[in-house]
Amino acid sequence: MKFFIDTANLNEIKEAYDLGVLDGVTTNPSLMAKEGIKGLDNIKAHYKAICDIVDNNVSAEVIATDFDAIIKEGKELAKIDDKIVVKVPMIKDGVKAIKKFTSEGIRTNCTLVFSAGQAILAAKAGASYVSPFIGRLDDISQDGLELISQIRLIYDNYAYDTEILAASVRHTMHLIQCAEIGSDVVTCPLNVITALLKHPLTDSGLEKFLADHKKVNG
Ligand code: E4P
């Protein structure tokens, strides 16, 4: 399962990359705004800075919502670096744009997906990634992980190439259960990735090993 980090913060991206387990980055307009990135030139420069840290797969989201504007903006984003994946919302013009980008060899991430039907459309349009938001579904008492299972079954039935990118991942259990289900990718904040490291028996076990070594070796 690929690990993407869900942030536009360069320090967090570096920290996750240095851990050696990072396969990509997802951003969205809210995450870019959180870092105070504004204005087209600054936005493009920031995406370039992210691309310079990681090896591949940097999702950059379009703001446009009508077909022509999505195509124009998406092409501008794709020009920044080969690592860019154009993130397009699950709306009618978005689906049409994904089809067009796919035919031109531009990779896409279909975002704001909350149902199996939307995931089928994204795959049929040829999206490289589909992003079901599991945490936001949980927030409204719908089972986000159940949606990942449903999409896994459907995509396997038809051998769709689209990769399932579980998004809005809030904690380690989300991530572990996505791995059990067979999600291709999870995107999550840095604290979810680093929380995977932790176990009290690891800490106490290491403490004992080091103490025993010290007793004999000084
Ligand atoms: C990533 O592609 C999504 O934009 C992100 O995971 C949404 O997460 P949130 O629901 O925590 O905002």
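Residues numbered from 1 in each chain as written. Predicted model: local features only at pLDDT ≥ 70, side-chain atom pairs only at ≥ 80, totals over all residues.

**Topic: the overall build of the protein**
A tally of helices and strands in the protein yields 11 helices and eight strands. With the principal axes as the frame, the protein shows a C-alpha extent of 70 × 40 × 30 Å. Residue burial in the protein is summarised as follows: out of 218 residues, 37% are buried. For the protein, restricting intrachain contacts to residue pairs at least 6 apart in sequence, the fraction spanning at least 24 positions comes to 54%. (Helix = DSSP H or I, 4+ residues; strand = E, 2+ residues; numbered from the N terminus. Buried ≥ 20, exposed ≤ 12 C-beta atoms within 10 Å, placed from the backbone. Contact = placed C-beta atoms within 7 Å.)

**Describing the packing of helix H8 (residues 144-158) against helix H9 (residues 172-181)**
Across the interface, H8 lies against H9 with an axial gap of 10 Å and an inter-helix angle of 20°. Relative to H9, the element H8 is oriented roughly parallel. Considering the relative orientation of H8 and H9, their crossing is right-handed. Residues Leu 145, Ile 148, Ser 149 and Arg 152 of H8 touch H9, and the partners they reach there are Gln 177, Cys 178 and Ile 181. (Axes fitted to C-alpha atoms, helices over the stretch in contact; angles between N-to-C directions. Parallel < 35°, antiparallel > 145°, perpendicular 65-115°, else oblique. Left-handed = near helix turned anticlockwise from the far one by under 90°.)

**Some thoughts on the site of the ligand**
In the vicinity of the ligand, the residues found are Asp 6, Thr 26, Asn 28, Thr 111, Ser 131, Phe 133, Gly 135, Arg 136, Ala 167, Ser 168 and Thr 187. When its residues are assigned to classes, the shell around the ligand shows two nonpolar, seven polar and two charged. (Near = placed C-beta within 6 Å. Nonpolar A, V, L, I, M, F, W, Y, C, P; charged D, E, K, R; others polar.)

**Thoughts on the nonpolar core**
In this structure, Val 86, Ile 98, Cys 110, Ala 122, Val 130 and Ala 166 are the most contacted members of the largest nonpolar core, which totals 50 residues. Once you skip the residues sitting within four places of it in the chain, Ala 166 turns out to touch Pro 132, Ile 134, Ile 148, Cys 178, Ser 183, Val 185 and Val 186. (Core = buried A, V, L, I, M, F, W, Y, C linked by C-beta atoms within 7 Å.)

**A few points about the pairing of strand S7 (residues 163-166)**
Of the pairings in the sheet, the one linking strand S6 (residues 129-132) to S7 comprises two bridges and is parallel in character. Within S7, the position partnered with Val 130 by the bridge is Ile 164. Assessed by its sense of winding, the connection that carries the chain from S7 through H9 to strand S8 (residues 185-188) is right-handed. (Pairing = 2+ DSSP bridges. Right-handed = clockwise from strand over helix to strand, strands pointing away.)

**Describing the UniProt feature "active site" (unreviewed entry) in the protein**
Under the UniProt annotation, "active site" (unreviewed entry) lies at Lys 87. Mapped onto the fold, Lys 87 is located in strand S4 (residues 84-89). By the C-beta count within 10 Å, which is 26 here, Lys 87 ends up buried. Not counting residues within four places of it along the chain, the set of residues in contact with Lys 87 comprises Ser 59, Ala 60, Glu 61, Val 62, Asn 109 and Thr 111. (UniProt positions renumbered as here; feature names shortened; annotations may be inferred.)

**Overview of unusual backbone geometry**
Backbone geometry at Leu 112 places phi at a positive 60°, although glycine is not the residue there. Note on placement: Leu 112 falls in strand S5 (residues 108-113). Of note in the backbone geometry, Ala 159 takes a positive phi value of approximately 50° without being a glycine. Along the chain, Ala 159 turns up in the loop between H8 and S7.

**A word on the environment of Pro 200**
With respect to the element layout, Pro 200 can be found in helix H11 (residues 200-217). Judged by C-beta crowding, with 7 C-beta atoms within 10 Å, Pro 200 ranks as exposed. Residues Pro 200 and Gly 36, 164 residues apart in the sequence, show an inter-C-alpha distance of 37 Å.

**Structural notes on helix H3 (residues 40-53)**
Across its 14 residues, H3 extends 20 Å between first and last C-alpha, which sits within 8% of the 20 Å expected from 1.5 Å per residue. All of the buried residues along H3 are His 46, Tyr 47 and Ile 50. Down the axis of H3, the buried set is contained in an arc of 100°. They therefore lie on one face. Relative to its buried face, H3 has exposed residues pointing more than 90 degrees away, namely Asp 41 and Asp 52. (Expected span 1.5 Å × (residues − 1). Arc of directions from axis to C-beta.)

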